[in-house]
Number of protein chains: 2
Amino acid sequence: MARIVMKFGGTSVADMDRIRNVARHVKREVDAGHEVAVVVSAMSGKTNELVAWTRDASPMHDAREYDAVVASGEQVTSGLLALALQNIGINARSWQGWQIPIKTDNAHGAARILEIDGSELIRRFGEGQVAVIAGFQGLGPDNRIATLGRGGSDTSAVAIAAAIKADRCDIYTDVDGVYTTDPRIEPKAKRLKKIAFEEMLEMASLGAKVLQVRSVELAMVFKVRTFVRSSFDDPDAPGMGDFLNPPGTLICDEEEILEQEVVTGIAYAKDEAQISLRRLADRPGVSAAIFGPLAESHINVDMIVQNISEDGSKTDMTFTVPSTDVDKALKVLNDSKDKIGFDVIQNESGLVKVSVIGIGMRSHAGVAASAFRALAEKGINIKAITTSEIKISILIDGAYAELAVRTLHSVYGLDKS
Amino acid sequence: MARIVMKFGGTSVADMDRIRNVARHVKREVDAGHEVAVVVSAMSGKTNELVAWTRDASPMHDAREYDAVVASGEQVTSGLLALALQNIGINARSWQGWQIPIKTDNAHGAARILEIDGSELIRRFGEGQVAVIAGFQGLGPDNRIATLGRGGSDTSAVAIAAAIKADRCDIYTDVDGVYTTDPRIEPKAKRLKKIAFEEMLEMASLGAKVLQVRSVELAMVFKVRTFVRSSFDDPDAPGMGDFLNPPGTLICDEEEILEQEVVTGIAYAKDEAQISLRRLADRPGVSAAIFGPLAESHINVDMIVQNISEDGSKTDMTFTVPSTDVDKALKVLNDSKDKIGFDVIQNESGLVKVSVIGIGMRSHAGVAASAFRALAEKGINIKAITTSEIKISILIDGAYAELAVRTLHSVYGLDKS
């Protein structure tokens, strides 16, 4: 007997047939004797519809009203799933964020979970009741509904798993796990059996859109073993209820991964743009003068490279921003031109950042060199490089994105079984 | 300066354009210096959609889950209206039933309001804030959402008006008031300026579907002056903001109606059926033996007529039920045949009950006689009659429904201005 959190996203609860299918997944785990909390998103498309209405009602919307409107989507699916479970003989009830309560801070629309009181849920597990919990929401200190931001149901699930000390948090989604790279680009991509939290965090933030980044951060902090698996699999197929080894990818502490590969996966992020400031005065405070105003304008800066000038008096500063933010960034920088003191500003859009990720890199030299050599052999020009302990990110022309992903996937042997 | 509750039904908040129109109605009252609480229904059609989903999920549904799902419709419109108000410069916030709270009993799906704490709403009126309240719902003793049953938003509005001691409760709907009879049957029907609570109760329960019966009961008990008016009128047309004499019908205490007409209106209820039990033993307890089992089966019995037999040993009992309940009623009665002891059972469907309503009847004789004479002149046969202090109900063949309504409307001079 174990305690499991099962989370189902919008495509998994898109209509009543899909919700009945979810109920069968839940029944399988209940029949196996497990205590189960289910976290649900809104029906796919519903949140977009509600968001569009709030924008139509008021372009400068009050985030508290936005939350009241948008959170209704999960309220509906939680009630419907509880009913569908009751209909197949399972004792279940729905829980809204304010009922548990899931206490959040006051940042409506992008709230953070502060505290979850899991005691009543646990007491009811003892009575054989399944908890069906509306994801994406909690109760703010103002006694109003606060939503966690888009994709927040993953975060709800992991936070609840931590609060009720679940043995496992299963994230059911429309893909069947985490792959070594995007299978639409590299058909030889392999599903990973396990991936370490740190690696998943890099994969998630670098563009592999399986899990919300915050949910992975939370899972890492609270060491919540998290499975990514498909809700479209037949709920009663062989092996689906295998507790130790279900189909899907386990995101876990690196200590659980015995035979660590050097490289775990290749991620990419499209629509990057590069901005270069030429012939800056190379003096203390110049970085602050550039990146302070950009941060204040909520522009996400990535991949900063500074070339030190020969005589030490002038320098070049190059960095990337999302393509959608280029115009805004250029305006901010030009407005601060006198303060920063650059000579000329250049920019290039349509770039892509390809990243090689693996915890094994820490103890293996030459990983970066292999990447550079392989890309050079294909004639791919590297525009910028940044590295961390467990990843190497390379900025290239967007036209070479797929070729670069396939090249790197192959060079580290990820296409071999 | 007054305190006003404004209630808008489903067709009045059917889409964002309609919601913006509602915001203009609210702005008019706010600009006039009034303190305003707004109660909203779900978008028209939305509640039906949600109800259908719950039935699909589980035919024998758990009313608590039904409530969680169905109450989401009003949550959405309350948030959207608050946003639309903010967008035209009005300080407004949405309130869910559980936030105020509107405390109800535990009868999920058909809950009754027990208590409303209006203190925080009133405090915020002092800060110039409009309260936008989700209708149709409250918080049960189990800390779960409880809905008041279909049409419950009228009841929410009147209950809130009583709790905050509002000067007036305006029910905005898709008709512009209460008429002397159904204008689709009698085009000469006139809109009433005023109608007494007791009369409106008879009109509402007898088939004039303008207001939910419970809301009128509540208005009568708490003496809430209630206006029925149209949300489709131009919010800024002349006279719309007239506090003493707005367009629409005022439902009020009879003392407020100085020149009371003898008859106020003609109501009708279609699809009635008559059941007769012939040659019953005329002994104490026979009525209980008949109507007890029917009540237990939730069959609404109306218009009971008992003919006393000549020798006192046998009697006939005749009563009406809704046509949809005839088969169920016949089964219940036949199952109890030995206990009741009747000889034969007869039934007739497709009947209609036409009612003449007016508080002035109390002090005027001959009102019933006029009705019987007028119907006889048109060759309409009367199948049963029941009377109360302020109404006469007559059961006739359904084919004569429109003719009877027009005849009675004319005989009491209601078609004269």
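Criteria and cut-off values
Residues numbered from 1 in each chain as written. Chains lettered and ligands numbered in written order. Predicted model: local features only at pLDDT ≥ 70, side-chain atom pairs only at ≥ 80, totals over all residues. Heavy atoms only, no water. 1 Å grid on protein atoms, 1.4 Å probe; cavity = no way out; pocket = protein on both sides within 12 Å on 5 of 7 lines; lining within 4 Å. Points joined across faces, edges and corners; volume = space filled by probe spheres on them. Nonpolar A, V, L, I, M, F, W, Y, C, P; charged D, E, K, R; others polar. Salt bridge = Lys/Arg side-chain N within 4 Å of Asp/Glu carboxyl O. Helix = DSSP H or I, 4+ residues; strand = E, 2+ residues; numbered from the N terminus. Domains from an automatic or database assignment. Contact = heavy atoms within 4.5 Å. Buried area = accessible area lost by both parts, 1.4 Å probe. Polar contact = N/O pair within 3.5 Å; in protein donor to acceptor, adjacent residues only side chain to side chain. Buried < 20%, exposed > 50% of the residue type's maximum accessible area, 1.4 Å probe, protein only. Least-squares fit on C-alpha atoms with pLDDT ≥ 70 in both.

Peer 1: Would you explain empty space enclosed by the protein in this entry?
Peer 2: Take a probe with the size of a water molecule and roll it over the atoms, and the empty space left behind shows itself. Counted under the stated rule, the structure contains five cavities of 30 Å³ or more. The computed volume of the largest cavity comes to approximately 160 Å³. Along its surface, the largest cavity is lined by 17 residues, and Lys-46, Ser-72 and Val-76 of chain A together with Lys-46 and Ser-72 of chain B are the ones closest to its centre. Residues belonging to the lining of the largest cavity are distributed by class as follows: eight nonpolar, six polar and three charged.

Peer 1: For this particular structure, what's the right way to read the pattern of salt bridges?
Peer 2: When the charged atoms of two side chains lie near each other, side chains of opposite charge can form a pair. All names here are of chain A. Tallied over the entire structure, the rule returns 58 salt bridges over all chains. Salt-bridge contacts for Arg-20 lead to Asp-17; the nearest nitrogen and oxygen are separated by 3.0 Å. Of this pair, Arg-20 and Asp-17 both sit in helix α1 (residues 16-31), three residues apart, which is roughly one turn of that helix. Linked by salt bridges that have partners in common, Glu-120, Arg-123, Arg-124 and Glu-127 make up one network.

Peer 1: Would you mind going over the domain arrangement of chain A with me for this structure?
Peer 2: Residue and element names in this part refer to chain A. According to the domain assignment, chain A contains domain 1 (3-255) and domain 2 (265-411). The centre of domain 1, based on its C-alpha atoms, is set 34 Å off from the matching centre of domain 2. On the side of domain 2, 19 residues touch domain 1, which itself brings 17 residues to the contact. If you sort the residues of domain 1 by the area they bury against domain 2, Ile-185, Glu-202 and Leu-206 come out on top, with a joint share of 42%. The tally of links between domain 1 and domain 2 comes to two salt bridges. With a shortest N-O distance of 3.1 Å, Arg-362 and Glu-254 are connected by a salt bridge. Our count for the contact surface shared by domain 1 and domain 2 stands at seven residue pairs in polar contact (both at pLDDT 80 or more). Its residues assigned to classes, the side of domain 1 that touches domain 2 comprises five nonpolar, three polar and nine charged.

Peer 1: Explain unusual backbone geometry here, please?
Peer 2: Glycine aside, a negative phi is what most residues show, and trans is what most peptide bonds show. Residues and elements named next belong to chain A. Note that the residue after Ile-100, namely Pro-101, is joined by a cis bond; omega there is -20°. Along the chain, Pro-101 falls in the loop between β3 (92-95) and β4 (102-104). Although it is not a glycine, Lys-223 adopts a positive phi angle of roughly 50°. With respect to the helices, strands and loops of the structure, Lys-223 is situated in the loop between α8 (213-222) and β11 (226-230). The phi torsion at Met-303 lies on the positive side, around 50°, for a residue other than glycine.

Peer 1: Looking at this structure, how should I read the side chain of Glu-65 of chain A?
Peer 2: Here Glu-65 of chain A shows up in helix α3 (residues 63-70). Exposure remark for Glu-65 of chain A: the relative accessible area of 0% places this residue in the buried category. Looking at Glu-65 of chain A, its side chain comes within polar contact range of the side chain of Ser-94 of chain B, at 2.5 Å. Apart from residues no more than four positions distant in its own chain, Glu-65 of chain A is found in contact with Arg-144 of chain A together with Gly-79, Ala-82, Leu-83, Gln-86, Ala-92, Arg-93 and Ser-94 of chain B.

Peer 1: Mind showing me how you'd approach the relation of the copies chain A and chain B here?
Peer 2: Note that the two copies of the chain are related through a rotation about an axis and a translation along the same axis. The operation relating chain A to chain B is a screw motion whose rotation component is 180°, with 0.0 Å of axial translation and a residual RMSD of 0.1 Å. In symmetry terms, the pair is related by a two-fold rotation axis. Of every C-alpha in chain A, the one belonging to Ser-72 of chain A sits nearest the axis of rotation, 2.7 Å from it. Counting the interface residues of chain A, we find that 100% of their copies in chain B are interface residues as well, pointing to one common contact surface.

Peer 1: I tried to follow the environment of Asp-397 of chain B on my own but got confused; where do I start?
Peer 2: Residues and elements named next belong to chain B. Residue position: Asp-397 is located in strand β18 (residues 391-397). Here Asp-397 falls in the partly exposed class, since its relative accessible area comes to 28%. Through-space distance from the C-alpha of Asp-397 to that of Glu-272 is 9.5 Å; in sequence the pair is 125 residues apart. In this structure, Asp-397 is in contact with Glu-348, Gly-350, Leu-351, Val-352 and Lys-383, ignoring residues within four places of it in sequence. A polar side-chain atom of Asp-397 sits 2.9 Å from the main-chain amide nitrogen of Ala-399.

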